[in-house]
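# Architecture and fold: a report
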Amino acid sequence: MVLGKTTHLRLVALLVMALAGVMTVTAQIDAQLTQYWNAPNYYNPAAIGRGDLIHINAGARLQWVGIKHAPMDFMALGDMPFKFLNRRWGVGLVVQQENIGLYKSLRAGAQLAWKKNMLGGTLNVGVQIGLINQSFDSDGIIIPEGDEYHESNDEAIPASDVKGNAIDFGGGIFFEHKKFWVGISSTHINAPTIQMKVENDEEKVYEFDAGRLYYFMAGSNIPIKNTLFEIQPSLMFKTDFSFYQAEVTARVRYNKFLSGGVAYRYKDAVSLLLGADYKGFFISYSYDYALSAIRKASSGSHELFVGYNLKLNLGDKNKNKHKSIRLM
């Protein structure tokens, strides 16, 4: 038995109850990263193989600290350039685990980008193929006494844990210049529907939709003449054409070592950013202070990235050689 739209609505209602009334439960499949510029290939598979560096990144985000079952994300990313058939390519890997409400998800994706030098920079066209594993913890369901909309024997409420998998695709275009970078991309291009089933029960199927999202990101690196300072502005815009979210970031870096800045996410949060780089290693932290009513229940959101960049020798001179986008 496949349960239809009513099941979708009731599962969303259960998630809303688990999040204690949080209103931003818009199927947060992609993590909301304040440091999007630190891991651009999480959103855009074309942003890999930048420069002549192996990039290794690990990050964690604790969103809305103080609210039970609020989103928690952990991820690992890696990418590198390589040469094949006398052409430069990029290859990457993304793994993410997220807990939100009674849902748990694990996403893994392999990325490949074709690269071409043009207009004084490098144009990348990338694709991603991956897998989404989604599960729902029925043991965490709490139905308040006197609830007129749900009963303990309601067929729309799983009696035991359910889980399922789906193939997931993404794609994007990314242009990197020594003075700026810009990219457009889409995640969940195939808008997969994950059919979650009870183990040893093929009749009951609960569906979870991973909606298609579109992203635009851009940034620059502006040296301040006769100083050791650089200004690093960036922005990101995402939408599914029924909602949108925009954020802008302004960072300053000193002597290619210490950095700091602020960010603003439209009608959602303001952020404080701190970071340091040393001999290829880096660490970066951000704190979000909510501007919406959710600040009454949460002390804010925390995000941490650590990583390492290793120089490669591809055996040729790259006329468009430039800095790692993470540093721009």
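I will try to describe carefully the structure that is included in this document.

Conventions and cut-offs
Residues numbered from 1 in each chain as written. Predicted model: local features only at pLDDT ≥ 70, side-chain atom pairs only at ≥ 80, totals over all residues. Heavy atoms only, no water. Phe/Tyr/Trp six-rings, centres within 6.5 Å; stacked < 30°, edge-to-face > 60°. Buried < 20%, exposed > 50% of the residue type's maximum accessible area, 1.4 Å probe, protein only. Lys NZ or Arg CZ within 6 Å of the ring centre and 35° of its normal. Helix = DSSP H or I, 4+ residues; strand = E, 2+ residues; numbered from the N terminus. Pairing = 2+ DSSP bridges. Core = buried A, V, L, I, M, F, W, Y, C linked by side-chain atoms within 4.5 Å. Contact = heavy atoms within 4.5 Å. Salt bridge = Lys/Arg side-chain N within 4 Å of Asp/Glu carboxyl O.

### A short note on the packing of aromatic side chains
Scanning the entire structure with this criterion turns up 11 aromatic pairs. Centre to centre, the rings of tyrosine 42 and tyrosine 43 are 4.9 Å apart; their planes meet at 85 degrees, and the pair counts as edge-to-face. Under the relative-accessibility criterion, tyrosine 42 is labelled buried at 3%. The aromatic ring of tryptophan 37 is capped on one face by arginine 251, whose charged end is 3.7 Å from the ring centroid.

### Structural notes on the pairing of strand S8 (residues 193–198)
Burial along S8 is one-sided: the face carrying Ile194, Met196 and Val198 is buried and the face carrying Thr193, Gln195 and Lys197 is not. Bridge analysis of strand S6 (residues 162–177) against S8 gives 2 bridges, and the strand direction is antiparallel. Within the sheet, the bridge partner assigned to valine 162 lies in S8 and is valine 198.

### Details of the nonpolar core
Counting residues in hydrophobic clusters, the biggest one holds 21 residues, and the most contacted among them are Leu33, Tyr42, Tyr43, Met75 and Leu77. Elements with a contribution of two residues or more to this core: strand S2 (72–84) and strand S10 (213–220). At 3 residues, S10 tops the list of elements feeding residues into this core. Among the nonpolar cores identified, the runner-up in size contains 15 residues, and Ile29, Leu102, Ala166 and Ile194 belong to it.

### Regarding the side chain of glutamate 247
Along the chain, glutamate 247 falls in strand S13 (residues 244–254). Not counting residues up to four positions away in its chain, the partners in contact with glutamate 247 are Leu33, Thr34, Tyr36, Ser234, Leu235, Met236, Tyr264 and Arg265.

### Section: the pattern of salt bridges
All told, the structure shown has 11 salt bridges when counted by the stated rule. With its nearest N and O atoms 3.0 Å apart, the salt bridge here joins aspartate 30 to arginine 107. Remark: arginine 107 occurs in strand S4 (residues 103–118) and aspartate 30 occurs in the loop between helix H1 (5–18) and strand S1 (53–65); sequence separation between them is 77 residues. With a relative accessible area of 7%, arginine 107 lands in the buried category. Among the salt bridges present, the one from glutamate 303 reaches arginine 61, with a minimum N-O distance of 2.8 Å. You can see glutamate 303 sitting in strand S17 (residues 300–311) and its partner arginine 61 sitting in strand S1, a full 242 residues away along the chain. Summarising the burial analysis for this pair, glutamate 303 and arginine 61 share the class buried. Counted as one network, the salt bridges with shared partners bring together Arg61, Glu247, Arg265, Asp268, Asp288 and Glu303.

### Some points on the pairing of strand S7 (residues 180–187)
Relative to S7, S6 runs antiparallel, the two sharing 7 bridges. Residue glycine 172 lies in a different strand from S7, and its bridge partner there is serine 185. In this structure, the hairpin formed by S6 and S7 is closed by a connection of 2 residues. Here S7 pairs with S10 via 8 bridges, running antiparallel. Counterpart to serine 185 in the pairing with S10 is tyrosine 215.

### Describing the environment of aspartate 161
Relative to the helices and strands, aspartate 161 is located in the loop between strand S5 (121–136) and S6. With 26 residues separating them along the chain, aspartate 161 and serine 135 place their C-alpha atoms 7.2 Å apart. In contact with aspartate 161, not counting residues within four places along its chain, are Phe136, Asp137, Ser138, Asp139, Lys197, Val198 and Glu199.

### Description of unusual backbone geometry
The phi dihedral of tryptophan 64 falls on the positive side, at around 55 degrees, and the residue is not glycine. Relative accessible area serves as the criterion here: at 8%, tryptophan 64 is assigned to the buried category.

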